[in-house]
Each structure stands twice: as structure tokens, then as C-alpha cells.
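Fold and geometry: a report
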Amino acid sequence: LLASIFHQYLFSQENFKKRYNLMPWPQNISENNSSFKINESLTISISGEDSENRVKNASVQFLRRLSNRTGVFINNGFPVKDNIAPIQLHFESVSNLKVNSNETYAIEVKENNILIKATTDVGVLRGLETLLQLVNFNKEGYYFEGVVIKDAPRFLWRGLMIDVSRHFQPISVLKRNLDAMASVKLNVFHWHL
């Protein structure tokens, strides 16, 4: 019986991998047979003490990237104060940005709202990156896939090294690499000077 359940779970995850382009693959994903349509009235609200403004800045960047990816001009490109925004970000504490910081998050995409919950603000950032990967389109327009995701990093140390002492790189290349690292949830940048 246990082998049968494991076999069923393994193949259901393989079917999800064919349907969703997520990187890295989350620990747990399930579908809820809904989708959230992306339109110009999309807004984000933040609940949690964002003392470092990490979540606010990431939200603005998220809305800009979403607009560029979909071509939908979003009326308000900044987080709003009300808690009835379609995309709601909840976190409990501000991370101290150590390698062992808690980066767990959960996303629930429903027809009328999207909820990203995390223990720390860094978890919310990871959730926003995953949400951006859930963008899809059909003849009616762009939408977020209706899923429930619970995720945490498999490894504490996930990094990239760039050696500018031997191979000179322009600042724009370094910034592009940092953005790419964030999109795949890497957390350590080795900068060999």
C-alpha cells in the first residue's frame, strides 16, 4: 500500500513538471482548478513590519517584471496599504540575511486572490519569484495558474561565484547575474576580487 501511494505521488509530480515551468521545483505543489486573471487593476498589499523595505522594493520590481512579461499596463505599480488587494503578502519577521535564514513560503492562487505567506521577508521574496514563474496565457489573456505551493530550500548554501579579478565584467553583467540568482532562489554570491 505504501509503495502504491509513493508511486502515485511520484507520477503526479512528474505530470506537474510537464505542465509548470518552475525552477527550482518546489517541495509540494497541488492544483486547485482555478486561475487568477492578470489585469490593469492588480495590486499588492504587505502585512508585516517591512523595516528594511525588502518586500516593498521586491513588490515594485515584481509588478514591473509582470507588466513587461505580459504587456498589461498595471495602474498602480506600488504596494497599497489595504488588506483587500488581490495579491497579499504576509510575513512575521525581518530576516537577518544569514545562510541559515528561514526561507520557507506558501502560495495559494485562487480565482479572486493570491496569498503568499512566509515566516520571514526573504520567504516572501522567494514566493514572489515562484509566482512570476506561474504566469501563463490563453486566448482570454494572461493569468496565474491555480495552485497551492509549499516550499523551502533543499540546501542552505546555494551560490554562484564570479571572478572579476581574472575575467573583468561590467557592472551591468553583475547586476543581471544577481537578478538571475534571485529568480532561481540562490542565496550566496561569491565575488572574487
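Reading the values: rules and limits
Residues numbered from 1 in each chain as written. Predicted model: local features only at pLDDT ≥ 70, side-chain atom pairs only at ≥ 80, totals over all residues. Heavy atoms only, no water. Helix = DSSP H or I, 4+ residues; strand = E, 2+ residues; numbered from the N terminus. Expected span 1.5 Å × (residues − 1). Buried < 20%, exposed > 50% of the residue type's maximum accessible area, 1.4 Å probe, protein only. Contact = heavy atoms within 4.5 Å. Pairing = 2+ DSSP bridges. Right-handed = clockwise from strand over helix to strand, strands pointing away. Core = buried A, V, L, I, M, F, W, Y, C linked by side-chain atoms within 4.5 Å. Phe/Tyr/Trp six-rings, centres within 6.5 Å; stacked < 30°, edge-to-face > 60°.

1. Digging into helix H2 (residues 54-70)
- With 17 residues, H2 should cover 24 Å at 1.5 Å per step; its first-to-last C-alpha distance of 24 Å lies within 8% of that length.
- Taken together, the buried positions of H2 are occupied by Arg54, Val55, Ser59, Val60, Phe62, Leu63, Leu66, Ser67 and Thr70.
- Packed against the buried residues of H2 are strand S2 (44-47), strand S3 (87-93), helix H3 (121-133), strand S6 (135-138) and strand S7 (141-151).
- Two residues or fewer after H2 comes Gly71, characterised by a positive phi angle close to 80 degrees.

2. Some details on the pairing of strand S8 (residues 159-163)
- Strand direction decides the pairing type here: S8 and strand S9 (residues 188-192), joined by 5 bridges, are parallel. Paired with Leu160 across the two strands is Phe189, which belongs to S9.
- Remark: the S8/helix H4 (residues 171-183)/S9 crossover connection has right-handed handedness.

3. What to know about H4
- The end-to-end C-alpha distance of H4, which contains 13 residues, comes to 19 Å, matching closely the 18 Å that a straight helix rising 1.5 Å per residue would cover.
- Restricting attention to buried positions, one finds in H4 the residues Val173, Leu174, Met181 and Ser183.
- Lys185, located one to two residues past H4, shows a positive phi value of around 65 degrees.

4. Considering the nonpolar core
- Core analysis: the largest hydrophobic core is formed by 34 residues, its most contacted members being Phe62 and Phe144.
- Breaking this core down by element, the ones donating at least two residues are strand S1 (28-37), S2, H2, S3, strand S4 (105-109), strand S5 (114-120), H3 and S7.
- No other element matches H3, which puts 5 residues into this core.
- Discounting residues that sit within four places of it in the chain, Phe144 has contacts with Ser35, Phe36, Ile38, Phe62, Leu66, Val109, Ile114, Leu131, Leu134 and Val135.

5. Examining the side chain of Ser183
- Its location among the elements puts Ser183 in helix H4.
- Taking relative accessible area as the criterion, Ser183 reaches 19% and is therefore assigned buried.
- Excluding its chain neighbours within four sequence positions, the residues that come into contact with Ser183 are Met23, Arg65, Glu129 and Gln133.

6. Topic: the packing of aromatic side chains
- Considering all chains together, one arrives at 4 aromatic pairs under this definition.
- Their ring planes at 35 degrees and their centres at 6.2 Å tell us that Phe36 and Phe144 sit as a pair that is tilted. Here Phe36, found in strand S1, pairs with Phe144, found in strand S7; they are 108 residues apart in sequence, far enough to count as distant.
- The exposure class of Phe36 is buried, given its relative accessible area of 5%.
- Looking at Phe144, the relative accessible area reads 0%, which means it is buried.
- Each member of the aromatic cluster is reached from another via a ring pair, and the members are Phe36, Phe62 and Phe144.

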